[in-house]
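# Fold and geometry: a report
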Amino acid sequence: MQFDTVIHGGTIATADYVTRGDIGIKDGRIAALAETLPGGDRRIDAGGRIVMPGGIEAHAHIAQESSSGVMSADDYLSGSISAAFGGNSSFIPFAAQHRGQSVDEVIATYDARAARSVIDYSYHLIISDPAPEVLEDQLPRAFARGITSFKVFMTYDLMNLGDGGMLDILSVAREHGAITMVHAENNDMVKWMNKRLAAKGLTAPKYHAISRPELAEEEAINRAIQLAKLVDAPLFIVHVSTAGGAEIVRREKFNGAKLFAETCPQYLALTRDDLDRPGMEGAKYICSPPLRDHATQDVLWHHIAQGTFESVSSDHAPYRFDETGKFLNGFDAPYPKISNGMPGIAARLPYLFSEGVAKGRITLEQFVALSSTNAAKTFGCDTKGRIAPGMDADIAIWDPEAQVTVTAADQHDNMDYTPFEGMELTGKPEIVMNRGAVIVENGTLMAQEGQGRFVARQPVDL
Ligand code: DUC
Ligand code: ZN
Ligand code: ZN
């Protein structure tokens, strides 16, 4: 066979094994794997490099209005470019339904926005209004189009569905083979804390962490799992930030629950002390659930190594450190009125590789599983996430020894800061491919606007 590209002499890393060999690519797909392959219109010498499935970013907010109407700083062009520079070949941002909107209208809106993407994409639907026509007609239609995951919130007055609304979504999802994702924090606990803190005038960024205690996450994770068990539906807990929450997930999985979960680099790299930086700097570190402490970081790493989490996702929720983002409500806004989220789509995999693989906390196989393969399985991307004949040639070639200092400019997003600024990391993606096309090479964007394609997904693989 005449290959379009041969990647030669690299260390091929999959979720199951690591081996030396060549990869032949034809018409956007992996056509052959062998110890050595001849030919190739282009031959890429991958000696000394790791060749792995391109990352699948399963949690990002791109061109998305928050429930309070703030638009994220990244659209599908800048967000997908930043993802590509971070070693990702595809991503699954959210398409958010706000109350009163039809899901069909939401999907049409995001289709128009996503047309700019340089990498393949799908959406998780966020459902905030489970009206009968949504449950009976619109969600089944979305599912039939290959949108097979629905996110719900247990917090925020404009998003929280209540236990009954969650049961409604879970049972529709179960019926169709979709997976329900949940943001688990107890809304009343948070509101009660907010009221008490406001009454005392305690509204600086650092109080954001105090207002959303570990208990609020742990209680809600437990409740969400019991609700899912009642209707025997699969559940994915997003952005687990607590030791207690991770322990509940581990225990319930061990006992057979159809349960999936992720954590995020910010809960491993940062702590609530970052919220107490001088002036309003702490606003950069406001995200929900909030940053915790060093002891929690160690426990979360332990759970990553032990298999509690399917994925480590960025939860890229970019709001600039200015009046368009964090300070839409003024530069001295109290913490509940500061836009909630931080960027990280380009830093996710370099951070996980460096702190995980290079420091010996996880194996290379685990890195591949956590960054790509498990997301493909859980979210039904059946042509992605694996290096095997017939799969999309979504491939990242890493230099495992490069020394990198993280800077905001190197994130290639539309942000004016990175919470990971100044971190010294080992390893970086050098070449990133999506369906056989090189999209990033040695720090240069090679992709064209709009070359990413929608990925119709399959039901969850239980
Ligand atoms: N949940 C997220 O997943 N991201 C940003 C903020 C939030 O509440
Ligand atoms: Zn969330
Ligand atoms: Zn998020």
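Here the structure is shown first, and the text comes after it.
My aim in this report is to walk through the structure given alongside it, one point at a time. (Residues numbered from 1 in each chain as written. Chains lettered and ligands numbered in written order. Predicted model: local features only at pLDDT ≥ 70, side-chain atom pairs only at ≥ 80, totals over all residues. Heavy atoms only, no water.)

The buried fraction of strand 11 (residues 179-183) amounts to 5 of the 5 residues, a majority that puts the element mostly inside the structure. Where burial is concerned, the two faces of strand 11 agree: the one with Ile179, Met181 and His183 and the one with Thr180 and Val182 are both buried. As paired elements, strand 10 (residues 149-153) and strand 11 share 5 bridges and run parallel to each other. Paired with phenylalanine 150 across the bridge in strand 11 is threonine 180. With respect to chirality, the unit in which strand 10 leads through helix 4 (residues 162-176) into the neighbouring parallel strand 11 is right-handed. Here strand 11 runs beside strand 12 (residues 235-237); their pairing, made up of 3 bridges, is parallel. (Buried < 20%, exposed > 50% of the residue type's maximum accessible area, 1.4 Å probe, protein only. Helix = DSSP H or I, 4+ residues; strand = E, 2+ residues; numbered from the N terminus. Pairing = 2+ DSSP bridges. Right-handed = clockwise from strand over helix to strand, strands pointing away.)

This part takes up the coordination of the zinc ion (ligand 3). Taken together, the protein ligands of the zinc ion (ligand 3) are His59 (NE2), His61 (NE2) and Asp315 (OD), with distances of 1.9 to 2.0 Å. Taken in chain order, the donor set of the zinc ion (ligand 3) reads H-x1-H-x253-D. A spacing of 4.2 Å is found between the zinc ion (ligand 3) and the zinc ion (ligand 2). By relative accessible area, histidine 59 is classed as buried at 0%. (Donors = N, O, S within 2.8 Å, 3.2 Å for Na, K, Ca; no water.)

Turning our eyes to something else, we now look at the coordination of the zinc ion (ligand 2). For the zinc ion (ligand 2), the full set of protein donor atoms is Lys151 (NZ), His183 (ND1) and His239 (NE2), at a range of 2.1 to 2.6 Å. Sequence positions of the donors to the zinc ion (ligand 2) reduce to the motif K-x31-H-x55-H.

Interpretation in functional terms is not warranted from these geometric data alone.
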